[in-house]
Amino acid sequence: MIFGSRKLRLRGPDKSVVTDGPMIPDHAEAEQYGHQGLRKLPRIRLGKLALYFRDLGKDYYVPYDYIDRSFVRISECQPDDSPAYYYYRVILMHGDQEFANLIINEEDVADKVLERLKEIRPEIEIGFKPTGKEKPRFM
């Protein structure tokens with residue numbers, strides 16, 4: 001094998017890195033949602049200890065008590081010669097700051113993630129709430 005198996009490195013919201021301990025098996029056993037890339041890796045994992053996601057080749061963990069709000073943002077792509085298509089972004093917020101923007105291709109998968117987050121930690125608010133800091137979007 002040219003490339004050896006890599007050791008999982010999970011990065012936290014406080015910039016800490018976890019390479020061993022209870023989060024590693026929790027990551028492996030977590031529920032998987034959405035897929036990305038050619039290898040069809042799961043986009044989001046919901047474990048007992050944290051939410052895990054992969055972004056730009058790096059693995060992250062977020063303890064559930066760090067997530068204050070979550071919602072789905074719908075993005076539309078309008079190709080020149082084809083009908084529009086949509087993709088869905090699961091947005092995770094801490095306070096008034098977005099800290100994760102996770103692209104999912106299917107709306108029902110994004111909705112399931114929000115449902116499970118609410119089941120796992122009922123204190124997480126679900127849905128968009130204007131903060132007054134949003135930039136206007138032009139059509």
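If you're wondering where the values come from, they're calculated on a predicted model, not measured in any experiment.

1. Here we look at a negative patch on the surface
On the surface, a cluster of negative charge is made up of Glu106, Glu107, Asp108, Asp111 and Glu115. Structurally, aspartate 111 can be placed in helix 2 (residues 107-120). Accessibility expressed as a relative area gives 33% for aspartate 111, which makes it partly exposed.

2. Focus: the nonpolar core
Ile44, Leu51, Ile67, Val90, Leu92 and Leu117 are the most contacted members of the largest nonpolar core, which has 20 residues in total. Within the residue set of this core, elements represented by two or more residues are strand 4 (41-46), strand 5 (50-55), strand 8 (85-94), strand 9 (97-104) and helix 2. A total of five residues in this core trace back to one element, the largest contributor, which is helix 2. The residues touching isoleucine 67, leaving out its near neighbours within four places in the chain, are Leu51, Val62, Leu92, Met93, Phe99, Leu117, Arg121 and Ile124. Within the second largest apolar cluster, eight residues are counted, among which are Leu8, Val18, Met23 and Tyr61.

3. Here we look at the confidence of the model for the protein
Caution applies to low-pLDDT regions: their predicted coordinates should not be interpreted in detail. Across the protein, the average pLDDT comes to 83, with 85% of residues at 70 or higher. Mean pLDDT across the elements of the protein ranges from a minimum in strand 3 (residues 31-36), with 80, to a maximum in strand 6 (residues 58-63), with 92.

4. A word on the pairing of strand 7 (residues 69-77)
The pairing of strand 7 with strand 8 spans nine bridges and is classified as antiparallel. Following the sheet pairing, glutamate 76 is matched in strand 8 by tyrosine 86.

5. Side note on the pattern of salt bridges
For the coordinates displayed, the defined rule picks out seven salt bridges. Note that arginine 43 is salt-bridged to aspartate 55, the shortest N-O span being 3.8 Å. Here arginine 43 is found in strand 4, whereas its partner aspartate 55 is found in strand 5, with 12 residues between them in sequence. For arginine 69, the salt bridge is made with glutamate 125, and the minimal N-O distance between the two is 2.9 Å. In this pair, arginine 69 sits in strand 7 while glutamate 125 sits in strand 10 (residues 125-126), placing the two residues 56 residues apart along the sequence. Using a relative accessible area of 40% as the deciding quantity, one classes glutamate 125 as partly exposed.

Criteria and thresholds
Residues numbered from 1 in each chain as written. Predicted model: local features only at pLDDT ≥ 70, side-chain atom pairs only at ≥ 80, totals over all residues. Heavy atoms only, no water. Patch = residues over 30% accessible without salt bridge, like charges linked within 9 Å, V, L, I, M, F, W, Y side chains within 5 Å. Areas by Shrake-Rupley, 256 points an atom, 1.4 Å probe, with all protein chains shown as cover. Salt bridge = Lys/Arg side-chain N within 4 Å of Asp/Glu carboxyl O. Lys, Arg positive; Asp, Glu negative; His and termini not counted. Charge placed at Lys NZ, Arg CZ, Asp CG, Glu CD. Helix = DSSP H or I, 4+ residues; strand = E, 2+ residues; numbered from the N terminus. Buried < 20%, exposed > 50% of the residue type's maximum accessible area, 1.4 Å probe, protein only. Core = buried A, V, L, I, M, F, W, Y, C linked by side-chain atoms within 4.5 Å. Contact = heavy atoms within 4.5 Å. pLDDT = per-residue confidence, 0-100. Pairing = 2+ DSSP bridges.

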